[in-house]
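Below, each chain spelled out in residue letters.
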Amino acid sequence: MLETTIIKKSIRKNSKNISLRINHKGEIIITSPYPLSAKKYQQIIKNNQTWIERHLIQHLNSQNNCFPENIKLTALDKTWHIEYQKTPSKPKLMSLNENSFIIYGNYTKIEVVQLLKRWLTQQAKQSLYPWLQQVSHEITLPYNSVSIGHHRAQWGSCNGEKHISLNAKLLFLPSILV
């Protein structure tokens with residue numbers, strides 16, 4: 001397992017100690033406050049081999065078991081089934097039918113999250129834009145433009161130029177709240 005793992009060296013003068021970690025790509029990162037010899041790097045790897053192997057296995061398991069099988073968008077009263085397939089190609093999301101899609105390729109957890117966020121943004125544009133247009137018409141309060149984002153602390157906002165920004169996560173709420 002260690003033979004095929006990428007080892008990266010990082011020198012950070014503000015570091016106090018030599019540290020070892022596994023990043024989201026499964027690469028071993030050795031951080032040091034000063035340059036180390038190749039022999040010293042090999043010694044660090046050898047001395048920490050058990051820890052490294054245990055954490056690489058945890059990383060591989062988390063990569064395979066942490067993805068959702070279904071996404072329910074309560075506001076739309078729809079649920080999608082998600083399939084995953086590892087292939088040597090670039091990660092992609094493809095719709096299989098109206099209620100399911102597949103994520104395939106040589107993906108990481110971060111790439112899956114990015115693909116799912118893009119998919120959620122598309123769903124939000126398809127549903128929130130018409131809803132906003134309808135509400136704007138009903139209450140005779142016009143707007144100039146609209147955007148969809150993934151905000152951490154806001155459901156939406158509006159500025160003085162009548163630009164409305166909506167959070168794609170609104171789709172997880174009941175439609176009465178949207």
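Just so it is clear, the model here is predicted, and its values are computed rather than measured. Numbers given to residues run from 1 along each chain, matching the order in which its sequence is written. Owing to the predicted nature of the model, reporting of local features is limited to residues with pLDDT of at least 70; listing and counting of side-chain atom pairs is limited to 80 or more, with chain, interface and lining totals taken over all residues. Processing note: side-chain calculations cover all non-hydrogen atoms of the structure and skip hydrogens and water entirely.

Undergrad: Is there a simple way to think about the overall build of the protein chain in this case?
TA: Across its full length, the protein chain carries three helices and 10 strands. The helix and strand labels rest on DSSP assignments: H or I over at least four residues marks a helix, E over at least two residues marks a strand, and numbering proceeds from the N terminus. Listing each helix as α and each strand as β along the protein chain from the N terminus yields β-β-β-α-α-β-β-β-β-α-β-β-β. The dimensions of the protein chain, computed from C-alpha atoms along their principal axes, are 70 × 40 × 25 Å. The cut-offs for exposure are 20% and 50% of the maximum accessible area for each residue type, with area from a 1.4 Å probe on protein chains only; residues under the lower value are buried, those over the upper are exposed, and the others partly exposed. Looking at the protein chain as a whole, 33% of its 178 residues are labelled buried. Should any heavy atoms of two residues lie within 4.5 Å, those residues are considered in contact. Looking at the protein chain alone, contacts between residues at least 24 apart form 34% of all its contacts between residues at least 6 apart. Method for areas: the Shrake-Rupley scheme with a 1.4 Å probe, in which residue coverage is limited to the protein chains shown. If you sum the accessible surface of the protein chain, you get close to 12100 Å²; carbon and sulfur atoms cover 51% of it.

Undergrad: What is the right way to look at the sheet that holds strand β3 (residues 28-32) in this model?
TA: Within a sheet, adjacent strands bond to each other through the backbone by hydrogen bonds, running parallel or antiparallel. Strands are labelled as partners when DSSP assigns at least two bridges between them. Across the sheet, which stays open at both edges, the three strands sit in the order β1-β3-β2 with mixed pairing between neighbours. Looking at the sheet topology across the chains shown, the edges are occupied by β1 (7-11) and β2 (19-22). Ignoring which end each strand starts from, the neighbouring axes of this sheet average 20° apart. Pairing analysis gives four bridges linking β2 to β3, with the strands arranged antiparallel. Looking across to β3, one finds that Leu20 is bridged to Ile30. Axis definition: a line fitted to C-alpha atoms, over the contacting stretch in the case of helices. Angles run 0 to 180 degrees between N-to-C directions. Sitting on the sheet, helix α1 (residues 38-47) touches β1, β2 and β3, and the angle it makes with β3 is about 125°.

Undergrad: Help me out: how do you make sense of the pattern of salt bridges in this one?
TA: Side chains that differ in charge, positive against negative, can pair when their charged atoms come close. The rule for a salt bridge is simple: a side-chain nitrogen of Lys or Arg has to be within 4 Å of a carboxyl oxygen of Asp or Glu. In total, this model carries one salt bridge according to the counting rule given. Salt-bridge contacts for Lys8 lead to Glu27; the nearest nitrogen and oxygen are separated by 3.5 Å. Within this pair, whereas Lys8 is found in strand β1, its partner Glu27 is found in the loop between β2 and β3, the two being separated by 19 residues in sequence. Under the relative-accessibility criterion, Lys8 is labelled partly exposed at 37%.

Undergrad: Help me out: how do you make sense of the nonpolar core in this one?
TA: Looking at soluble globular proteins, one finds that nonpolar side chains tend to be buried together. Throughout, nonpolar core names a set of buried Ala, Val, Leu, Ile, Met, Phe, Trp, Tyr and Cys residues whose side chains join them through atoms within 4.5 Å. Ranked by internal contacts, the top residues of the largest apolar core, which has 24 residues, are Phe101, Ile103 and Leu166. Counting only elements with at least two residues in this core, the list comes to β4 (70-73), β5 (78-86), β7 (100-105), α3 (109-138), β8 (145-149) and β10 (163-167). Top contributing element to this core by residue count: α3, with eight residues. Residues within four places of Leu166 in sequence aside, it is in contact with Leu128, Leu132, Val146, Ser147, Ile148, Gly149, His151, Trp155 and Gly156. If you look at the next biggest cluster of nonpolar residues, it comprises nine residues, including Leu20, Ile30, Leu36 and Ile44.

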